[in-house]
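Each chain is listed here by its residues.
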Amino acid sequence: MSELESRLLKTGAERLALLGKHAERLMQGYTRDDVPLDGLNDSALRKLLAARLLWRPDEQSGVKLAPKVRELIAEMLADETRRHVNADVAETLELVRSLVHSYREARSRGEHWRQEQQLLRLRQEVDDLNGRFADAIDSLWQRLNSDFGFVSQLSDKIRENDRAQKQIVRLLDGLALIDFDELIALVGSDGSLRKLLISQLQQRLSHHYTSLREVQRRLIELMARFRKQQARSRLISGMVAFMREHPGFVPSNYAKRSDVPALFNHAAPLHAAAAPALDRALESRVLAELLHELPTPRHATQTLESAVPALTPEDSLAAARQQALKQDVERFYLAVLDQPPAKPISALAYLYDSQLDWPDEIWLFQVISEYQGLPRSEQQAFRLHQDESPASSFNDLRLIHDVALAVAV
Amino acid sequence: MIEHGPLLERLLAGEFVCAVSDDNAFRHLANEETRDAIDDYLRPLNRRLASNDEGSVYFLAWRQLNEAAREQLSRQLSDTVNSLLPLLEWLQLVQEALGRDTLAAPGDVLKPAEFSAKCEDNQSLRERLERLATDSFFGSQSDQLDAQVKQLFKRLKEHGYLLQPHTERQVFVVTGKIDYLIEVVRFIRDEENLPIDAEREEGAQEALL
């Protein structure tokens, strides 16, 4: 191992270790504007700047993450909002050309070691190129498969989809730059170069090409869906706004046009009704069987009496009281009939004597209403005298104090 | 024709048949021969098979438009126009309440419980729901949020915009009739030259509201 190579290894490893050592700080820089510097000493900061992990745009501004580090993090996290797609084919091709020339030079001079080195660099460049395409395609699929779920608004999704489609166009343009006729001429008859730059590369690139075309097709489909959804949302919100502004809006009657629009020609419902028919002997037997198979109702048929409107307990209680009052009054009438004719009995006196607990007023009311409820012929058998007086000298309202009932002579 | 009996009954009853409401029938209807056979069958009933522009939902149309048919279509059109605003407001409310970036589309699953919960937490959604539920189209008599939501879903189911796959489960699926509704809106916009510009930015539309 040469001294140069060992120094390169040492420095590279030291600087890579910085990534781990300052991982949290760098991630904070990834999510914010600047990398927070509190608690970081000068020498550590100098090392980070020297390793080009950080950079400072100018003296006044804060320290920022280097673009390559940002890209690396985005790649590692598959952070689709920030992942870059950049195949940069033209520069790689330039490099490949010059590496091939210098490889052939070394071979013609018999510099075996240099030849090996150039071939290694060529392999790395070709791998990188492949890797960049593979990464880009992976990033595109990720975005497609998540329906651009990393942004929430439909308009953002449309923009992201648009951006992805432009990236595909650039990637396809990049692929088109690779001219295999030129590469064939360039590698000539060298077997290892031919294998590397022609057969392997061609196979991989054609694979990338197919993938890109497929992603492109799917993105366009998705875009059409997005646009349709967007147009729908706009149409609906526009119509709602319009109808709110014009509450009396009525479209013309499309049904009266000579040519009714297809959308509004929706025929009236027609129910395909059917009833059991007994006009076919064969079927009547089937119907009879069906009838027998009808499940018996789970509940017994309700009797007519129980089907009267429900009475609340209070109602039935009041009715019972009413009935008792009526019977007591009837007994009073019978008592009057037992008396010698023309001898009146005071209703209140009877009430107190019989020790009935009806309020006076209710009792009198029932006695009077019983009298008025009698058929006229029976009414004539009694004589009802009302003991009454005016409410006051100015009010001719008559107050009944008692009634006396006697058998008419 | 026998195998299409149930489908014919549904169509004759005035239903809209889509991939959500009857996947099997919808696939049969994609076949032109089946459609022709159904059309032949419907001829004596003065009906024919029709679909929306997109072909995502099928329904029956009058074959010959007589005076009675036109009367019925006029009444139907007026019903449609009257139900338009509450239906569209419902679509917007669902989209906002559930935090979706698109309007409900055929096949989308809606859960009344989720919808209620979102409206409960947000006064403005709650008020809009209340206003919508008491609209004569939805006709809720209740002032309870859950009952209002229930009524909303019930009416939408009755009108064929939603489907409830299991009666005992409160989960609904949006049917293709929504596509039909949106085409109706588009048609009215174009036909009446309404100042609704589909290309206008969404922000401008919101500012209008």
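All values reported here derive from a predicted model rather than from experimental measurement.

Overview of the overall build of chain B
- Per the secondary structure count, chain B includes 9 helices and 6 strands.
- Counting every position in chain B, which comprises 209 residues, the buried fraction comes to 33%.

Here's the deal with the sheet that holds strand 3 (residues 57-62) of chain B
Residues and elements named next belong to chain B.
- A sheet is described by the order of its strands in space; here 3 strands give the open sequence 1-3-2, paired in antiparallel fashion. The sheet terminates laterally at strand 1 (17-18) and strand 2 (47-51), the two strands that pair on one side only.
- Note that strand 2 and strand 3 share 5 bridges and pair antiparallel. Of the residues in strand 3, the one forming a bridge with Leu49 is Leu60.
- Along the sheet, helix 3 (residues 32-42) contacts strand 2 and strand 3; its crossing angle with strand 2, the most-contacted strand, is approximately 145°.

Here's the deal with the environment of Leu222(A)
All names here are of chain A.
- Along the chain, Leu222 falls in helix 9 (residues 191-245).
- For Leu222, a count of 19 C-beta atoms within 10 Å translates into the label partly exposed.
- In this structure the C-alpha to C-alpha distance between Leu222 and Lys157, which are 65 residues apart in sequence, comes to 9.9 Å.

Details of the environment of Arg170(A)
- Tracing the chain through its elements places Arg170(A) in helix 7 (residues 154-177).
- Considering only alpha carbons, one finds Arg170(A) and Asp88(A), 82 residues apart in sequence, at a separation of 9.2 Å.

Quick notes on the interface of chain B and chain A
- Listed as interface residues are 47 residues of chain B and, on the opposing side, 37 residues of chain A.
- Broken down by secondary-structure element, the contributors of at least two residues to the side of chain B that touches chain A are helix 1 (5-12), strand 2, strand 3, helix 4 (67-97), helix 8 (177-191) and helix 9 (202-208) of chain B.
- Sorting elements by how many residues they give to the side of chain B that touches chain A places helix 4 of chain B first, with 13 residues.
- The class makeup of the residues in the side of chain B that touches chain A is 27 nonpolar, 8 polar and 12 charged.

What counts, and at which threshold
Residues numbered from 1 in each chain as written. Chains lettered and ligands numbered in written order. Predicted model: local features only at pLDDT ≥ 70, side-chain atom pairs only at ≥ 80, totals over all residues. Helix = DSSP H or I, 4+ residues; strand = E, 2+ residues; numbered from the N terminus. Buried ≥ 20, exposed ≤ 12 C-beta atoms within 10 Å, placed from the backbone. Pairing = 2+ DSSP bridges. Contact = placed C-beta atoms within 7 Å. Axes fitted to C-alpha atoms, helices over the stretch in contact; angles between N-to-C directions. Nonpolar A, V, L, I, M, F, W, Y, C, P; charged D, E, K, R; others polar.

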